Every structure is written in C-alpha cells, then in structure tokens.
Amino acid sequence: MKKIKLPAHFLSVLIMSATLVVVSSCIGDQSVAKRKGYVKDFSTTTGNGGCESSYLIYSKPYDTCTSACSDGYHLASLDELSEVKKELVDSEGYTIDGVSATDILARINNSANICVADVIKDERPTNAIDIKSDFCSCINGKSDIINNCDSFCAAKTPTDQPILYVNTIMGTDIALNTKIGNLHNWCTVQLTEDQTTPGCSLIATDGTNTVSLQMTTSAGSNSFSANVSTLTRNKTWLLKIQETKAGSGAQSKEFQIRRINQASDTTTGVLKVTPINQYTCMTYGGKVDNSGNIIRTTFARIFYYFAANETPAPIPPAGGTNQSQVVCHDEQLHGVTDSAEWDRLELIPGAYSMWDKADTRFVAKAENNNKLTINKTLEERLLSDYNITATIDLFRLLSYPNRPTTTSTSSANIPLGYIMVPFSDAATGKTYCPTATQFNGTQPLLNLLGEFMDDTEGLYLAEKEAETIQDGSTYKVLYGTMFVRETTLKNYGFYIENGIKIKADAAAMHTKTIYFYWPTSTTADPLTQGGRKLFTVRTPSTLNGNVPTGQATTEATTDKRIGCVPKS
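The text that follows walks through the structure, step by step, so that each part is easy to find. Source: prediction; values computed, not measured. (Residues numbered from 1 in each chain as written. Predicted model: local features only at pLDDT ≥ 70, side-chain atom pairs only at ≥ 80, totals over all residues. Heavy atoms only, no water.)

Notes on the overall build of the chain
Looking only at helices and strands, the chain has eleven helices and 35 strands in total. For the chain, the proportion of contacts with a sequence separation of at least 24, taken over those separated by at least 6, is 66%. Accessible area of the chain: about 27400 Å², with a carbon and sulfur share of 49%. (Helix = DSSP H or I, 4+ residues; strand = E, 2+ residues; numbered from the N terminus. Contact = heavy atoms within 4.5 Å. Areas by Shrake-Rupley, 256 points an atom, 1.4 Å probe, with all protein chains shown as cover.)

So, in structure tokens, the structure goes:
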C-alpha cells in the first residue's frame, strides 16, 4: 500500500477533536532576523536526536529546535501530537521531504513537544457554533423568557425593550482558524468565497412564521445581543445565527426561547399546576451504502418531556435522499418530513404534573434576598402564625431535554416546572410526599403548605435496559431515561428475590431495587414481560442516559424519589 507523505502543512488539514479548547500562544515570526530562539543541536547523536526540553519545528528539515513557536505555528495539542505520531508510525520505511519518518518520530519522542502549522481555512464552517444554555432576555430589569434569568436581568441596566443576551461556543474548525477564531469574525470577516461583505442575522421561526432579527457582536467576542420585541409572547421560537449578506448561508446550531407575560405578583391561593407531556423519538442506527446514503438497520426509543403549552420545534429533515437518523413524529401517518402540525410520536399528555414555572410566586426577587416568593411567603407565615423562625427552600426548577440532538440541532436541558423537596418521617426515617393527612396534621409547615397545594406524590427516574444500534461499521449503546410517578410504581412495580418477581409494596419501595415493564397495562400481568421493555428505578447519579438538572434533592432518599409533584 502506498504511504502518504506528510508535508509541512499536513496539520492544516487535520480534523480536530471537539474536545480541544486551548491553543498555546506563539511569538516571533519567520524572518531570519527573528530566529534567535532557534537552535540546531544534534551533534551528539547520529542525526535522530531531539530537542529535549525545547520544541521541534514540525517542518522541513525537521531538525530545528525552539523555545517558543513563531507566527504561523502553534504548540501541538495532545490530539495533534498523537495524530502526527500515528502517521509517522504508519510511514515507517518511507521518507518525508527527504527525511526518514523513523528519524522524525525519534526526534519528536525526545522533544518536549512540536510546533505545527496553524489551521488557516478560507471558509466559514456551518453548524460549528454551539449555543450556551445560559441565554437570557430582559425587559425593565426583569426576565422576558423562561430560563431562570431573574438574577441576571436584575443586574442589567433596565430598558423598555426585550434584549436577548447569548453566549456561544466555537467549534474547533472556527476556534483554531486564525482567519476567523470567534463569532464576531465569523460574522464579519470577508472570505474569498464571499460575494460581498458578510453579516449575520438571528433567524427565528415558530414553525409557521420566520423573522429575521438584527444582532450585535463585538470584536473578539463569542457573545451577541438582539432585540426580540417582534417575537410573539407565549410561543416557542426556534432560533439560529445565520450569515445572510455574503451568500454563504452558514449557520449555528439552533436553540429555543419562549417569551412570557410580565404578570403582577400574588401570594395567595393554590399554586398553578402544569401537565408534563412525554413523547418518543426513534434513534436509528445504520450503515452507509456505496452511494453515500444512510440505510437504517436498528433503532432504540428515547423519551423526552415538555410542558403541555411548550411543544418543542419539529426535527429538521436530513437533507437529500438520506433517511433521518432521529424521528420524533409518525412517519407512516405523516411522511418523512416533520412539522409543527404533527403530534409528537407516542405522545402521552399529562404523563405527570409539576408546578407551573409561570406562576409569579416562583420568581426570585432581590427584595427577598433572591428567594422564591413562595419560600419567602412560607417563612413570613411561619413567623406570624406560629412564631417560628425558619429558612425555607422547598422548590427547585427541574430541567430536562425536550428533544434530541441532531446534525443541525443541539439538545439542552429545558426548564419543565417546579418540584418540591420530599419530607422525612421523624420516626422511621423514610421519605414521603405530603397529602391531606399531613396537611391536616400537627406540623406547622405542612399545615401552611396545604393552603397552596393539593395531594402530592413522589417522582422517580427509571432507566431502560441498554440497547445497541449499528453505527456504520461499529455499534453504540443507548439508554432511555423515564420519569415515573409514585402511583405507577405502586401499581406496576416489582422486585426480584431469589430469581422470583414479587409485586412491590410500600415497604419494598424503601428496601429493594424496583423494576417495571413498559408500557404499563391495566390488563397485562405486571410481572410478565411479554414484548415490553424492562425499566429499573435509579438515582440520578447512576443513570447512563439523559439526566435532569435541578432535582429537588441531591441527597439520597430512602426510595430514590427525586422530589414531590402534584398528584395526577
């Protein structure tokens, strides 16, 4: 087999690892007058020595040492160094620019590192910009979207316009490209292929309407801002950065926002409840045929969740004649192209309930020391009604992916609603979620909570047994995470003892590993699998698949519940 030579510019075409985030700085230039730091010293070897504590310049003649990389070169990352060594090993017995590949490898192995040529590509990469999940939109010093932005907006200079603030992460094709390097340059630097001076817009769509928004960047920055006043409130918008002036059409990964009404506060009455819907996305495995088309061969079901009034955006098509590797709608009923008009696949409305994040009592106010209003209200009522001073922190905002990651979309944990910290029985130490029995009991805090909620139940996490799908010539393992209500586990849960399945009772929930078969059925034997999948109740730290953030407690509970939610 013919060996490939490695010219000096070899690393300018390497595909960089996505984990590369740091590039060492380089000084000096290539002129003779500036090469004072370079030293060639192989006099004590047979020509294949190294630079020891200095760096080897990885270019012809492959025998020059330096204490710092010059302009146009940078210190090799671990990935780059590993790739160079691999290519040299593969080229054993051949020469590169007249130098033995074996000698070059020996010199590298006896040097602190190598200086490699910078990546300079005269192109604007697409789908190489990720959106950080800490984006916020503020108006009059208050949050304008659902994303836990109250503290951020309180620190911003108030304005009567809704301004969206977004931080991005550059992929290595951009970050290591010295001609671009950051978001501002990606949007503004004119490249050879550009028909005119480039410029970026923020493109927003609700599935029916598309809006182009002006965005503002600053030199050297990966952040931007945009006025989103033209985006209708109480509607989910799918956004992306797109180069719109030079004709490249390059774009970022997509992200979602939902603007909310600025409502007046209230501290009385039952907390608002919102249903949380569950749906399925089919993740297909497959192989690529001789024509470059993806052929599906295997699949696995992965579950996603969203608040009933926040249906996620459809999955973009794969493009060309390719079959989508991720499908979240009924292809047999609606065809291969997803749409906002179609129900999500295997939709279960109201799979469980949470407290609505739009309830103004879940706003953290500066005058309350950034406490949620409901927590502050409970503290004040305990003091005024029972003369008890206590610090209350009962509610957490639970977030979880509402759709999968694809080649053109990035998945993020989206806020679903609020969950409550579970309580512990002083006598038994077992955790529980309060109902009318506790609300009408003798504990002051539970008496007060009864004014703000009806019966509650535990919320758990369960994981499906691992499934393997084909990934080209290899295979990968997928896990499915599911939220499951306490009522479901009491009806269908079981444990295994001495190889025998035993229906779980309340005591077993606290002492045994609990399983159930999905989908559940009111007619099928809960202890018989049939064609169903086995799920195991797990703690968040032991999950292998998607993991929620913001669960009500990070402490291990006696029965693995992650918190309390309104009983459905």
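And the narrative resumes.
Here's the deal with the packing of helix α1 (residues 78–90) against helix α2 (residues 101–109)
Packing of α1 against α2 brings their axes to within 9 Å, and their N-to-C directions diverge by 150°. One element, α1, and the other, α2, form an angle in the roughly antiparallel class. By crossing handedness, the relation of α1 to α2 is classed as left-handed. Touching Leu81, Val84, Lys85, Leu88 and Val89 of α1 are Ala101, Ile104, Leu105, Ile108 and Asn109, all from α2. (Axes fitted to C-alpha atoms, helices over the stretch in contact; angles between N-to-C directions. Parallel < 35°, antiparallel > 145°, perpendicular 65-115°, else oblique. Left-handed = near helix turned anticlockwise from the far one by under 90°.)

Structural notes on the pairing of strand β13 (residues 210–217)
Summarising the sheet, strand β12 (residues 200–205) and β13 pair through five bridges and their orientation is antiparallel. Residue pairing across strands places Ser201 opposite Gln214, the latter belonging to β13. Linkage of β12 to β13, two consecutive antiparallel strands, is achieved through a turn of four residues, within which Gly207 is found at a positive phi near 100°. Pairing of β13 with strand β14 (residues 223–227), which is carried by three bridges, proceeds in the antiparallel orientation. Residue pairing across strands places Thr216 opposite Ser225, the latter belonging to β14. Connecting β13 to the antiparallel partner β14 that follows it, the hairpin turn spans five residues, and Gly220 within it adopts a positive phi of roughly 75°. (Pairing = 2+ DSSP bridges.)

A look at the side chain of Arg532
If you trace the backbone, Arg532 turns up in the loop between β33 (515–518) and β34 (533–538). Asp525 is the oppositely charged side chain nearest to the buried, salt-bridge-free Arg532, at an N-O distance of 6.5 Å. Within polar-contact distance, the side chain of Arg532 engages the backbone oxygen of Thr528 at 2.6 Å. Residues in contact with Arg532, not counting those within four places in the same chain, are Tyr517, Trp518, Pro519, Thr520, Ser521, Ala524, Asp525 and Pro526. (Buried < 20%, exposed > 50% of the residue type's maximum accessible area, 1.4 Å probe, protein only. Lys, Arg positive; Asp, Glu negative; His and termini not counted. Salt bridge = Lys/Arg side-chain N within 4 Å of Asp/Glu carboxyl O. Polar contact = N/O pair within 3.5 Å; in protein donor to acceptor, adjacent residues only side chain to side chain.)

Quick word on the state of the cysteines
Each disulfide consists of one covalent bond between the sulfur atoms belonging to two cysteines. In total, this model carries seven disulfides according to the counting rule given. Shown here is the disulfide that connects Cys69 with Cys115, its sulfur atoms set 2.2 Å apart. Taking the sign of the torsion about the S-S bond as the criterion, the disulfide between Cys69 and Cys115, at about -85°, is left-handed. Remark: Cys115 occurs in strand β7 (residues 111–117) and Cys69 occurs in the loop between β3 (65–66) and β4 (73–75); sequence separation between them is 46 residues. For Cys69, a relative accessible area of 3% corresponds to the buried category. Residue Cys138 pairs covalently with Cys153 via a disulfide, S to S 2.0 Å. (Disulfide = S-S within 2.5 Å.)

Section: the packing of aromatic side chains
Here the structure, examined in full by the defined rule, presents 19 aromatic pairs. Between Tyr400 and Phe483, the ring centres sit 5.1 Å apart and the planes meet at 75°, which makes this aromatic pair edge-to-face. With Tyr400 in strand β23 (residues 395–401) and Phe483 in strand β30 (residues 481–485), this residue pair connects regions lying 83 residues apart in the sequence. The exposure class of Phe483 is buried, given its relative accessible area of 4%. (Phe/Tyr/Trp six-rings, centres within 6.5 Å; stacked < 30°, edge-to-face > 60°.)

Brief notes about the pairing of strand β27 (residues 456–464)
Burial analysis of β27 places nine of its nine residues in the buried class, which makes it a mostly covered element. The pairing of β27 with β30 spans five bridges and is classified as antiparallel. Each bridged residue has a counterpart across the sheet, and for Tyr460 the counterpart in β30 is Val484. In this structure, β27 lies alongside β34, joined through four bridges in antiparallel fashion. Across the sheet, Glu463 pairs through a bridge with Thr536, a residue of β34.

Comments concerning the pattern of salt bridges
Proximity of charged atoms lets side chains of opposite charge pair with each other. Across all of its chains, the model carries 25 salt bridges by this definition. A salt bridge links Asp356 to Lys272, with the shortest nitrogen-to-oxygen separation between them at 3.4 Å. Linking Asp356 in the loop between β20 (348–355) and β21 (364–365) with Lys272 in the loop between β16 (255–258) and β17 (273–288), this pair joins segments that are 84 residues apart in sequence. Ionic pairing is found between Arg561 and Glu486, a salt bridge with its closest N-O pair at 3.3 Å. Here Arg561, found in the loop between β34 and β35 (563–566), pairs with Glu486, found in helix α10 (residues 486–492); they are 75 residues apart in sequence, far enough to count as distant. In terms of burial, Arg561 and Glu486 fall into one category: buried.

A few points about the side chain of Arg361
Looking at the element boundaries, Arg361 is found in the loop between β20 and β21. Within polar-contact distance, the side chain of Arg361 engages the backbone oxygen of Gly269 at 2.6 Å.

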